[in-house]
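Summary of the model geometry
For reference, the chains in residue letters:
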Amino acid sequence: MNVKRHIVRILIATTALLSAVSCGIYSFSGTSIQPDVTSITIDFAEYKALKVNPMLSTQFTEAMREKFRRLTKLEQLEMDGDLQLHTEITGYEVSATSVTAEEVAARNRLTVSVKAQFTNRKYPEDDFDKSFSAYADFDATQLLDAVQDALCEEIIEKLVDDIFNASVAQW
């Protein structure tokens, strides 16, 4: 008798879960995309920061597109997607985060700032225009050129996660 009850509970839970997933409002990737939203346009990230990193726009744009490819079923279009994401890299700065007793920087911080404009052409209440920033610290004895690639990879991952979550996961 207990086995039958247990099986019935599992079937009910499975049915409820499949219903939630199939209605398009929730998915296992954590997105909340309406079922009639089928495409996205992710513009190339404009670089507007004063300090130049020539590869950052390309790396950031590709990481953003890859995140949407992996975690959504949205078709990526060159223009006129149901969802549109336009980003600008507005800051790329190094600053000291800790100082030694001799007033010399012990750790430095690379901070990247991005302005993101998200447009949902079918559900405009989801639109936003926000700024995001992320950073990574490094030892002051290291030159930025020596650690820049690894730091940017870490920072881009954080920024892409934050923008993805704000746009389609709505966290």
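Just so you know, these numbers come straight off a predicted model, no measurement behind them. The residue numbering used here restarts from 1 in each chain and proceeds along that chain's sequence as written. Residues qualify for local features only when their pLDDT is at least 70, as the model is predicted, and side-chain atom pairs are given and counted only at 80 or more; totals for whole chains, interfaces and linings, by contrast, use all residues. Only hydrogens and water are set aside; all other atoms, that is, all heavy atoms of the structure, feed into the side-chain values.

So, about the layout of surface pockets. What the second largest pocket holds in volume is close to 230 Å³. Forming the boundary of the second largest pocket are Gln59, Ala63, Glu66, Lys67, Arg70, Asp149, Cys152, Glu153, Ile156, Glu157, Val160 and Asp161. Under the scheme used here, helices are H or I runs from DSSP no shorter than 4 residues and strands are E runs no shorter than 2 residues, and both carry numbers assigned from the N terminus. Among the elements of the structure, α2 (56–71) and α3 (144–169) are those that each provide at least two residues to the lining of the second largest pocket. Counting residues per element, the lining of the second largest pocket draws most heavily on α3, at 7 residues. Within this scheme a cavity is a closed region of a 1 Å grid, computed over the protein atoms alone, that accommodates a 1.4 Å probe without allowing it to escape, whereas a pocket is open but has protein on both sides within 12 Å along at least five of seven lines; lining residues each have an atom within 4 Å of a point. Grid points are joined across faces, edges and corners, and a volume is the space filled by probe spheres set on the points.

Definition used for salt bridges: Asp or Glu carboxyl oxygen within 4 Å of a side-chain nitrogen of Lys or Arg. The final tally for this structure, using the stated rule, is 10 salt bridges. Salt-bridge contacts for Glu46 lead to Lys48; the nearest nitrogen and oxygen are separated by 3.8 Å. On the accessibility criterion, Glu46 (33% relative accessible area) is partly exposed. Only protein chains enter the accessibility calculation, which uses a 1.4 Å probe; a residue is then buried when its area is under 20% of its type maximum, exposed when over 50%, and partly exposed in between. Taking the relative accessible area as the measure of exposure, Lys48 reaches 46% and is therefore partly exposed. We note a salt bridge from Glu88 to Lys48, for which the minimum N-O separation is 3.3 Å.

What follows concerns the packing of α2 against α3. Interaxial angles span 0 to 180 degrees and are taken between N-to-C directions of axes, which are lines fitted to C-alpha atoms, for helices over the stretch in contact. At a minimum axis distance of 10 Å, the contact between α2 and α3 shows a crossing angle of 45 degrees. Considering their axes alone, α2 and α3 lie oblique with respect to each other. Here α2 and α3 pass one another in a crossing that is right-handed. Mapping the contact onto sequence places Leu56, Gln59, Phe60, Ala63, Met64, Lys67, Phe68 and Leu71 in α2 and Cys152, Ile156, Leu159, Val160, Asp161, Ile163, Phe164, Ser167 and Val168 in α3. Gly falls in the polar group here, along with every residue not listed as nonpolar (Ala, Val, Leu, Ile, Met, Phe, Trp, Tyr, Cys, Pro) or charged (Asp, Glu, Lys, Arg). The residue inventory of the contact of α2 with α3, partitioned by class, reads 13 nonpolar, 2 polar and 2 charged. Throughout, the term roughly parallel applies to angles under 35 degrees, roughly antiparallel to angles over 145, roughly perpendicular to angles from 65 to 115, and oblique to all others. Crossings are sorted by hand: turned counterclockwise from the far helix by less than a right angle, the near helix makes the crossing left-handed, and turned clockwise it makes it right-handed. A contact between two residues is defined here by any heavy atoms of the two lying within 4.5 Å.

Right, let's talk about the side chain of Asn120 for a bit. Here Asn120 shows up in strand β5 (residues 105–120). Look at Asn120 and you get buried, because its relative accessible area is 6%. N or O atoms within 3.5 Å of each other form a polar contact, as long as, within protein, one can give a hydrogen and the other can take it, and as long as residues adjacent in sequence are counted only when both atoms are side-chain atoms. Looking at Asn120, its side chain comes within polar contact range of the main-chain nitrogen of Lys122, at 3.0 Å. Here the side chain of Asn120 touches Tyr123 through a polar contact of 2.9 Å, landing on its backbone nitrogen. Ignoring anything within four residues of it in the chain, the contact list for Asn120 reads Val37, Asp82, Leu83, Asp126 and Asp127.

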